[in-house]
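Residue strings, one per chain:
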Amino acid sequence: MSSATGPVVDAEYVAEIERARRDLRALIASKSCAPIMLRLAWHDAGTFDKNTITGGPTIDFVPGRRDSSVAIEEGRLPDAKQGASHLREVFYRMGLTDKDIVALSGGHTLGKARPDRSGFDGAWTKDPLKFDNSYFVELLKGDSNGLLKLPTDKVLVEDTDFRRFVELYAKDEDAFFRDYAESHKKLSELGFTPS
Ligand code: HEM
């Protein structure tokens, strides 16, 4: 069931969600694992293909994305060694835009790469546990500062359509936060259409 303002759920459901939220906050704080949580959310949503939802009627929003009982094929997520056209191919498949690509890449303000996992090494920013606009500031400084830049990060300054957002976010952190929140919401809601 839903109302014009959103889904109608009972009090027990709301209390459960609140408990889960508290547990998650405590876990993230005690393990300093915000980076991997953000990456998990992104990888959960990032295999979505806007052209292969099943069709049929639009169904009212229910809280939470549905778990799938089957594994999606490998290779839907972006390959860090490729360029702008690959990034567009992957994100456009999800129904996202150039602005979403740049804003969401700012998620690399958190965390780091490890050689045993991806073959890449190091953090994108000087404080990988702080969510700020430093990813974009460092990106514009080029290669010389010892921080990580994946090929897919570098294309964001090489491609003129991407670059205008990099420049905006590097000088205006509020604009980054606003656009990131919007794009992340889109990412986490892929696959359902709220009525
Ligand atoms: C880490 C690639 C987009 C969040 C990584 C790593 C790679 C990568 C290679 C290092 C993995 C490792 O060695 O453990 C890419 C590519 C993207 C992309 C090619 C295409 C644009 C995103 C997006 C988000 C995100 C959209 C979230 C909004 C993260 C985070 C980490 C990470 C937080 C660090 C995880 C940790 O510290 O363990 N990404 N990524 N990435 N990515 Fe991305």
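Placed above this text is the structure.
Note that the structure is a prediction, hence the values are computed from the model and not measured.

Engineer: Teacher, can you tell me more about the overall build of the protein chain here?
Structural biologist: When you go through the protein chain residue by residue, the secondary structure sums to eight helices and four strands. Overall, the protein chain shows an N-to-C arrangement of helices and strands of β-β-α-α-α-α-β-β-α-α-α-α. Across the protein chain, contacts joining residues at least 24 apart in sequence account for 64% of those joining residues at least 6 apart. Entry remark: accessible area of the protein chain is about 12,200 Å², with carbon and sulfur atoms responsible for 54%.

Engineer: I'm lost on helix α1 (residues 11–31) in this one. Help?
Structural biologist: Since the α-helix packs 3.6 residues into each turn, any two residues three or four apart lie on the same face. With 21 residues, α1 ought to run about 30 Å at 1.5 Å a step, and its terminal C-alpha atoms sit 30 Å apart, in line with that. Of the residues trailing α1, Ser32 is marked for its positive phi of about 50 degrees.

Engineer: Please explain the site of the ligand as it appears in this structure.
Structural biologist: As a matter of local geometry, the ligand sits amid 25 residues, with His108, Lys112, Arg114, Arg117 and Ser118 nearest to it. Ser118 is positioned with one of its side-chain polar atoms (N or O) 2.6 Å from an oxygen atom of the ligand. Comparing atom positions with the cavity grids shows the ligand to sit within the second largest pocket. Broken down by secondary-structure element, the contributors of at least two residues to the shell around the ligand are α2 (34–45), α3 (84–93), α4 (98–105) and β3 (112–113). Examining the composition of the shell around the ligand, we find that five residues originate from one element, α2, more than from any other. In terms of residue class, the shell around the ligand is built from 15 nonpolar, six polar and four charged.

Engineer: What is the right way to read the nonpolar core from this model?
Structural biologist: Inside soluble globular proteins, nonpolar side chains tend to come together where they are buried. Counting residues in hydrophobic clusters, the biggest one holds 37 residues, and the most contacted among them are Phe91, Met94, Val102, Phe136, Leu156, Tyr169 and Leu187. Going through the elements one at a time, α2, α3, α4, α5 (134–141), α6 (151–158), α7 (160–171) and α8 (173–188) are the ones with two or more residues in this core. With five residues, the single largest contributor to this core is α7.

Engineer: Would you mind showing me how to read the packing of aromatic side chains here?
Structural biologist: The geometry of an aromatic ring pair is captured by two quantities: the separation of the ring centres and the angle between the planes. For the structure shown, the criterion picks out 11 aromatic pairs. On the basis of an interplanar angle of 5 degrees and a centroid distance of 5.4 Å, the ring pair of Trp42 and Phe91 is categorised as stacked. Linking Trp42 in helix α2 with Phe91 in helix α3, this pair joins segments that are 49 residues apart in sequence. Summarising the burial analysis for this pair, Trp42 and Phe91 share the class buried. Between Phe136 and Tyr169, the ring centres sit 5.2 Å apart and the planes meet at 65 degrees, which makes this aromatic pair edge-to-face. Highlighted residues: Phe136 in helix α5 and Tyr169 in helix α7, separated in sequence by 33 residues. The pair Phe136 / Tyr169 is uniform in exposure class, with both members buried. Of the aromatic side chains, those joined through ring pairs into one cluster are Phe131, Tyr135, Phe136, Phe165, Tyr169, Phe176, Phe177 and Tyr180.

Cut-off values and rules
- Residues numbered from 1 in each chain as written.
- Predicted model: local features only at pLDDT ≥ 70, side-chain atom pairs only at ≥ 80, totals over all residues.
- Heavy atoms only, no water.
- Helix = DSSP H or I, 4+ residues; strand = E, 2+ residues; numbered from the N terminus.
- Contact = heavy atoms within 4.5 Å.
- Areas by Shrake-Rupley, 256 points an atom, 1.4 Å probe, with all protein chains shown as cover.
- Expected span 1.5 Å × (residues − 1).
- Near = heavy atom within 4 Å.
- Polar contact = N/O pair within 3.5 Å; in protein donor to acceptor, adjacent residues only side chain to side chain.
- 1 Å grid on protein atoms, 1.4 Å probe; cavity = no way out; pocket = protein on both sides within 12 Å on 5 of 7 lines; lining within 4 Å.
- Sits in = over half its atoms within 2 Å of the grid points.
- Nonpolar A, V, L, I, M, F, W, Y, C, P; charged D, E, K, R; others polar.
- Core = buried A, V, L, I, M, F, W, Y, C linked by side-chain atoms within 4.5 Å.
- Buried < 20%, exposed > 50% of the residue type's maximum accessible area, 1.4 Å probe, protein only.
- Phe/Tyr/Trp six-rings, centres within 6.5 Å; stacked < 30°, edge-to-face > 60°.

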